[in-house]
Amino acid sequence: MIHVFNTMTRTKELFTAIQPGVVNMYVCGPTVYNYIHIGNARSAIAFDTIRRYFEYSGYQVNYVSNFTDVDDKIIKAAHEAGISEQALTTKFEQAFNDDTKPLNIKPATVRPLATEHIDEIIAFVVDLIAKGYAYEAQGDVYFRARKFPDYGHLAHQNIDDLEIGASERLDDGELARKEDPVDFAVWKGANPDEAITWASPWGPGRPGWHIECSVMALKYLGTTIDIHGGGQDLAFPHHTNEIAQSEAHTGTTFANYWLHNGFVTVGDDNEKMSKSLGNFVTVHDLLQDVDAQALRLMMATTHYRRPLAYTKVAITEAIQIVKRLQTAYANLAFRVQQADAVQTPDVDFTAQVNAFKVNFMQAMDDDFNVANAMTVINDFATALNVYANQAAVSALTGQLALDEFAAEVMVIGVDVQPVANDDDTSWIDEQVAARDAAKKAKDYAQADAIRAALKAQGIILEDTAQGTRWKKE
RNA sequence: GAUGGUAUAGCCAAGUGGUAAGGCAUGGGUCUGCAACACCCUGAUCGUCGGUUCGAAUCCGAUUACCAUCUCCA
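Basis of the calculations
- Residues numbered from 1 in each chain as written.
- Chains lettered and ligands numbered in written order.
- Predicted model: local features only at pLDDT ≥ 70, side-chain atom pairs only at ≥ 80, totals over all residues.
- Heavy atoms only, no water.
- UniProt positions renumbered as here; feature names shortened; annotations may be inferred.
- Near = heavy atom within 4 Å.
- Polar contact = N/O pair within 3.5 Å; in protein donor to acceptor, adjacent residues only side chain to side chain.
- Nonpolar A, V, L, I, M, F, W, Y, C, P; charged D, E, K, R; others polar.
- 1 Å grid on protein atoms, 1.4 Å probe; cavity = no way out; pocket = protein on both sides within 12 Å on 5 of 7 lines; lining within 4 Å.
- Points joined across faces, edges and corners; volume = space filled by probe spheres on them.
- Helix = DSSP H or I, 4+ residues; strand = E, 2+ residues; numbered from the N terminus.
- Buried < 20%, exposed > 50% of the residue type's maximum accessible area, 1.4 Å probe, protein only.
- Pairing = 2+ DSSP bridges.
- Domains from an automatic or database assignment.
- Contact = heavy atoms within 4.5 Å.
- Buried area = accessible area lost by both parts, 1.4 Å probe.
- Salt bridge = Lys/Arg side-chain N within 4 Å of Asp/Glu carboxyl O.

- Under the annotation held in an unreviewed UniProt entry, chain A carries the name Cysteine--tRNA ligase and is attributed to Periweissella fabaria.
- Turning to chain A, the UniProt record has this under Subunit (unreviewed entry): "Monomer."
- Recorded in UniProt for chain A, the comment headed Sequence similarities (unreviewed entry) runs: "Belongs to the class-I aminoacyl-tRNA synthetase family."

## Quick look at the protein's contact with RNA strand B
Now for step 1: Contacts to RNA strand B come from 59 residues, most closely from Trp209, Gly231, Leu234, Met273 and Asn372.
Now for step 2: In the environment of RNA strand B, a base nitrogen lies 3.1 Å from a nitrogen or oxygen atom belonging to the side chain of Glu317.
Now for step 3: In the model, a sugar or linking oxygen of RNA strand B is placed 3.5 Å from a nitrogen or oxygen of the Asn378 side chain.
Now for step 4: Residues that form the surface near RNA strand B fall into these classes: 16 nonpolar, 24 polar and 19 charged.

## Considering empty space enclosed by the protein
Empty space among the atoms becomes apparent when a probe as large as a water molecule is rolled across them.
Now for step 1: With the rule as written, the count across this model stands at two cavities of 30 Å³ or more.
Now for step 2: Lining of the largest cavity is provided by Ile45, Ala46, Thr49, Ile50, Met299, Ala300, Thr302, His303, Tyr304, Phe368 and Val370.
Now for step 3: Counting residues per element, the ones that place at least two in the lining of the largest cavity are α1 (38-56) and α10 (292-300).
Now for step 4: Class assignment for the residues of the lining of the largest cavity results in eight nonpolar, three polar and no charged.
Now for step 5: Here the second largest cavity is characterised by a volume of approximately 30 Å³.
Now for step 6: As for the second largest cavity, its lining consists of Phe124, Ser214, Leu218, Thr223, Ser246, His249, Thr250 and Phe254.

## With respect to the pairing of strand β7 (residues 184-189)
Now for step 1: By the criterion of burial, β7 is predominantly enclosed, with five of the six residues buried.
Now for step 2: Judged from the three bridges that link them, strand β6 (residues 140-143) and β7 form a sheet pairing that is antiparallel. The residue of β7 that forms the bridge with Val141 is Trp187.
Now for step 3: Where β7 lies against strand β8 (residues 205-207), three bridges are found, and the strand directions are antiparallel. Across the sheet, Gly189 pairs through a bridge with Gly205, a residue of β8.

## Overview of the environment of Ala330
Now for step 1: Structurally, Ala330 is set in helix α11 (residues 312-337).
Now for step 2: The spacing of Ala330 and Ala235 is 95 residues in sequence and 43 Å in space, taken between C-alpha atoms.

## Observations regarding the domain arrangement of chain A
Now for step 1: You can read the domains of chain A as domain 1 (3-298), domain 2 (312-411) and domain 3 (426-472).
Now for step 2: Relative to domain 3, the C-alpha centre of domain 2 lies at a distance of 28 Å.
Now for step 3: Counting from both sides, the interface comprises six residues of domain 2 and, opposite them, six residues of domain 3.
Now for step 4: Between domain 2 and domain 3 lies a buried interface of about 480 Å² when both sides are counted; carbon and sulfur atoms form 49% of it.
Now for step 5: Counting the surface domain 2 buries against domain 3, the share from its top three residues, Asn331, Phe334 and Arg335, is 69%.
Now for step 6: Counting across the interface, domain 2 meets domain 3 through zero salt bridges.
Now for step 7: The residue inventory of the side of domain 2 that touches domain 3, partitioned by class, reads one nonpolar, three polar and two charged.

So, in structure tokens, the structure goes:
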């Protein structure tokens with residue numbers, strides 16, 4: 001029984017899927033005009049963890065997340081770089097994939113682009129106008145926010161308060177075209193110098209920022225989706241406007257649950273990291289010298305709604321934890337492969353493993369409480385180590401435990417299973433055998449020399465009751 | 001101004017009425033020929049003030065500090 005915190009109601013609610021066993025979720029993706037920064041990554045990681053937990057729990061998840069590939073910033077960045085908008089967005093779409101893969105962020109089921117849905121967007125806008133929710137004004141089309149009942153509910157903003165802010169910010173031209181300052185654009189007429197435009201009933205132009213998500217969520221997931229997610233800063237105006245448009249269009253609830261992740265903060269005063277403040281670190285740069293698994297663990301194990309302070313200390317600690325989890329897995333995996341492991345189940349250890357699974361799910365069922373889940377995973381890791389040191393172990397139960405452990409850790413996006421290695425390692429095995437021989441002859445000077453020589457090459461030796469094993473540093 | 005969030009050990013952090021999980025770091029110990037791996041042990045009365053209660057980190061009031069949103073932003 002999974003409970004999620006719904007921004008709309010500000011309470012934890014029991015999650016009930018529209019279609020039993022299936023979760024349809026839409027997560028707003030980045031605008032692709034630069035490398036993603038770790039704030040973008042945090043959002044992707046938060047919802048990837050949520051997705052993985054639904055899948056771990058037996059749900060089929062249809063995970064749709066877009067790229068915004070047309071807007072003012074893209075036009076500006078492309079112009080500055082002297083390349084086409086499409087060349088720019090293609091580059092950073094690829095960069096997104098390259099940066100998120102090592103973070104174990106699963107590819108979206110569908111990754112739609114705004115520019116590939118222009119016809120649907122225009123049809124959507126036509127319908128909004130037909131229903132009286134939108135109006136054309138000199139090539140632009142605006143949505144009548146006040147006509148939509150309860151506008152601003154998601155962000156708990158009062159429309160009259162919003163009007164004051166809106167009136168102060170808008171430029172005169174836009175203000176003059178709007179019937180009401182709180183109205184927002186669903187279609188933007190092209191400026192004369194803009195090359196990236198599409199023909200529409202209102203002349204050449206391009207979609208407003210919010211409309212693409214409404215259109216694509218509808219197209220790929222249906223009129224009412226289970227979960228809509230994104231960063232906290234999207235609650236207003238982006239999601240607020242999506243709700244207004246979508247519900248005006250379909251006449252029914254857009255999304256049953258709204259989930260918002262907290263920000264990444266940086267510096268001593270925990271300031272929000274953002275592109276506009278210029279205080280961001282791109283994942284592209286960071287991965288040059290930070291272990292991707294550690295970064296993933298650090299970001300996944302802070303509860304998704306809490307602010308996440310990005311610090312060197314947090315990374316260092318995450319490196320330790322990843323190592324501990326991988327070592328625990330390796331320790332028992334090594335033992336399970338040994339000839340002395342029996343092929344009958346171990347009842348007591350099976351019960352322990354089952355208890356860990358129950359506790360893990362209990363923690364994650366509570367709005368994805370990863371902190372408590374990590375407590376379980378830590379206990380689990382200790383149990384693997386203890387079991388690996390027992391005089392007698394069951395290969396069957398050991399493997400069962402390893403699989404369950406790996407599955408739980410994979411929910412937070414960390415892979416504890418060793419990567420396949422094609423390098424020729426027979427020379428290491430020869431050195432280990434030579435050292436064993438020296439030890440047997442009590443020639444410890446020689447044994448230690450071999451160990452030191454291997455260490456110099458990044459090979460660590462570990463002696464166990466079942467023989468010596470090695471691993472890379 | 002409006003609307004939210006946060007404040008627990010050196011650091012990260014769980015915990016919504018019953019006497020403070022877990023991790024990292026520190027120190028000690030076991031295992032080892034010595035190491036490595038692993039295991040065991042080791043720490044806080046919960047921003048401040050007041051109230052309710054047999055009992056509060058948890059509820060109420062006040063107060064302080066920091067962060068965020070209010071049409072660029074994950």
